[in-house]
Amino acid sequence: MKRRDFIKKTTTGALASSVFIGCNQPASGPAIHTHPTIRWRLASSFPPSLDTIFGSGEILVKRIKELTDGRFQIRLYPTGELVHGLQVLDTVHQGSVQMGHTAGYYYIGKNPTFSFDTAIPFGLTARQQMSWLYEGGGLGLMRELYADFNVLSFPGGNTGAQMGGWFRQEIHSVNDLKGLRMRIPGIGGQVMDRLGVNVQVLAGGDIYPALERGAIDATEWVGPYDDEKLGFYQAAKNYYYPGWWEPGPSLSFLVNKKAWDTLPALYQKAIEVAAAEASQAMLAKYDAQNPAALARLLKRGVVLRRFSDDIMATAQQETKSKLEELATRNATYNKVYTAWKKFKKTSNTWFGTSEQAYTAFRMDCS
Ligand code: CA
């Protein structure tokens, strides 16, 4: 571009964006009253009873409405109302709803690479996962994956490190896991299978009855706040930790790319900032609610137990070999796994110093 053309263009642009400053108009882009009224639908994979997770979807739609002066309205549908919770990606892909709120690892059957969008056993903590997605190149890699489904993704909340779950009997060593019937989905379940566990995959509502009548011996779910609501403590008193398969799982808001492209820039920005707020709010809520729920559970006779070093070390080894095996079978997975491993190594080196030394020192619970 010739210099005078450049000046002419930038001057025109500057004029267009600054001419209304001082007249209570935005510094750039058209005024809000000129924007269209748009109504979208968002299918959530979660029920309203999971108020921390489902609630972050509520924060998203409320904030988008406020940011657009009520012109961009999104109706939130709980799992099962429009589609089953595990079909959210397909539904957003097809465009029958414009948005979804889900967990990427529900779709590892389509591509195991989706597990990086949520959680990898012995992987990243919540803070590391956020850092990987927003600053470590992770979100770009995930968006490449979602682009195959005509979808744009945004981080959509995090539960923090989950619990290992509820066991009817004490588990002392890897030997005690052999033949144990446990509800545990995803790659964590595949690793447990290698440790001899008889892995069961049950939907949320079916878990308690199975545990109560002894059809399963153990189950994992989320953490104290959500687990308490499903009543597992009434059927199993041994509450194990840590949930090494989900050290910091993040959820995702999905947007149909074609629908996204039709949005005014202001509405796109509203989705972006509202998703970031909803994401942060979920983790803050879990961190505030879990301590109180844990205290209530302990009062009811629940016994906290840590997985033995034997179980942790063996599970970690099996996880590593499982992840390496997947990398030899899937080129996309291998690309993301290689980048993720590199990130994890440097991130762990940092988090393994001051952060770890601080939290490993006995926390002052007085
Ligand atoms: Ca879980």
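Please refer to the structure placed before this passage.
Quick look at the structure, then.

Let's talk about the packing of aromatic side chains
Logical step 1: This model, assessed by the stated rule, comprises 22 aromatic pairs.
Logical step 2: Here the aromatic residues Phe46, Tyr105, Tyr106, Tyr107, Phe114, Tyr146 and Phe149 are joined through ring pairs into a cluster of three or more.

Side note on the sheet that holds strand E5 (residues 165–167)
Logical step 1: One open sheet holds the six strands; their spatial order is E7-E6-E8-E5-E9-E11, and the pairing between them is mixed. If you trace the sheet from one side to the other, it starts and ends with strand E7 (198–200) and strand E11 (303–306), each paired once.

A look at the pattern of salt bridges
Logical step 1: Across all of its chains, the model carries 21 salt bridges by this definition.
Logical step 2: In this structure, the salt-bridge partner of Glu228 is Arg296, at a minimum N-O distance of 2.8 Å. With Glu228 in helix H10 (residues 224–230) and Arg296 in helix H12 (residues 265–299), this residue pair connects regions lying 68 residues apart in the sequence.
Logical step 3: Owing to a relative accessible area of 12%, Glu228 belongs among the buried residues under this scheme.
Logical step 4: A relative accessible area of 35% means that Arg296 is categorised as partly exposed.
Logical step 5: Between Glu272 and Lys269 there is a salt bridge, with the nearest N and O atoms lying 3.4 Å from each other. Of this pair, Glu272 and Lys269 both sit in helix H12, three residues apart, roughly one helical turn.

Focus: the pairing of strand E1 (residues 38–44)
Logical step 1: Along E1, five of the seven residues are buried, which leaves the element largely enclosed by surrounding structure.
Logical step 2: Across six bridges, the pairing between E1 and strand E2 (residues 72–77) is parallel. Residue pairing across strands places Trp40 opposite Ile74, the latter belonging to E2.
Logical step 3: Since E1 and E2 lie parallel, the crossover through helix H2 (residues 51–67) that links them has a hand, and here it is right-handed.
Logical step 4: Of the pairings in the sheet, the one linking E1 to strand E3 (residues 99–102) comprises three bridges and is parallel in character. For Leu42, the partnering residue across the bridge sits in E3 and is Met99.

Focus on the coordination of the calcium ion
Logical step 1: In this structure, Gln162 (OE1), Glu220 (OE), Glu220 (OE), Trp221 (O) and Glu246 (OE) serve as the protein donors to the calcium ion, at separations of 2.1 to 3.2 Å.
Logical step 2: Its relative accessible area of 7% is what places Gln162 among the buried residues.
Logical step 3: Classification of Glu220 as buried rests on a relative accessible area of 2%.

Points about a nonpolar patch on the surface
Logical step 1: Side chains of Tyr241, Leu298 and Leu304 sit close together on the surface and give an oily, nonpolar patch of about 230 Å² of accessible area.
Logical step 2: Looking at where Leu304 falls in the secondary structure, it is placed in strand E11.
Logical step 3: Judged by its relative accessible area of 34%, Leu304 falls in the partly exposed class.

Details of unusual backbone geometry
Logical step 1: A cis amide bond, omega -5 degrees, links Tyr241 with the succeeding residue Pro242.
Logical step 2: Secondary-structure assignment places Pro242 in the loop between strand E9 (238–241) and strand E10 (250–256).
Logical step 3: You will see that Phe122, though not glycine, has its phi angle at about 55 degrees, which is positive.
Logical step 4: One can find Phe122 in the loop between helix H4 (115–118) and helix H5 (126–135).
Logical step 5: Residue classification places Phe122 among the buried residues on the basis of a relative accessible area of 19%.
Logical step 6: The phi torsion at Asn150 lies on the positive side, around 60 degrees, for a residue other than glycine.
Logical step 7: Following the sequence through the fold, Asn150 ends up in the loop between helix H6 (138–147) and strand E4 (151–158).

Thresholds applied
Residues numbered from 1 in each chain as written. Predicted model: local features only at pLDDT ≥ 70, side-chain atom pairs only at ≥ 80, totals over all residues. Heavy atoms only, no water. Phe/Tyr/Trp six-rings, centres within 6.5 Å; stacked < 30°, edge-to-face > 60°. Pairing = 2+ DSSP bridges. Helix = DSSP H or I, 4+ residues; strand = E, 2+ residues; numbered from the N terminus. Salt bridge = Lys/Arg side-chain N within 4 Å of Asp/Glu carboxyl O. Buried < 20%, exposed > 50% of the residue type's maximum accessible area, 1.4 Å probe, protein only. Right-handed = clockwise from strand over helix to strand, strands pointing away. Donors = N, O, S within 2.8 Å, 3.2 Å for Na, K, Ca; no water. Patch = residues over 30% accessible without salt bridge, like charges linked within 9 Å, V, L, I, M, F, W, Y side chains within 5 Å. Areas by Shrake-Rupley, 256 points an atom, 1.4 Å probe, with all protein chains shown as cover.

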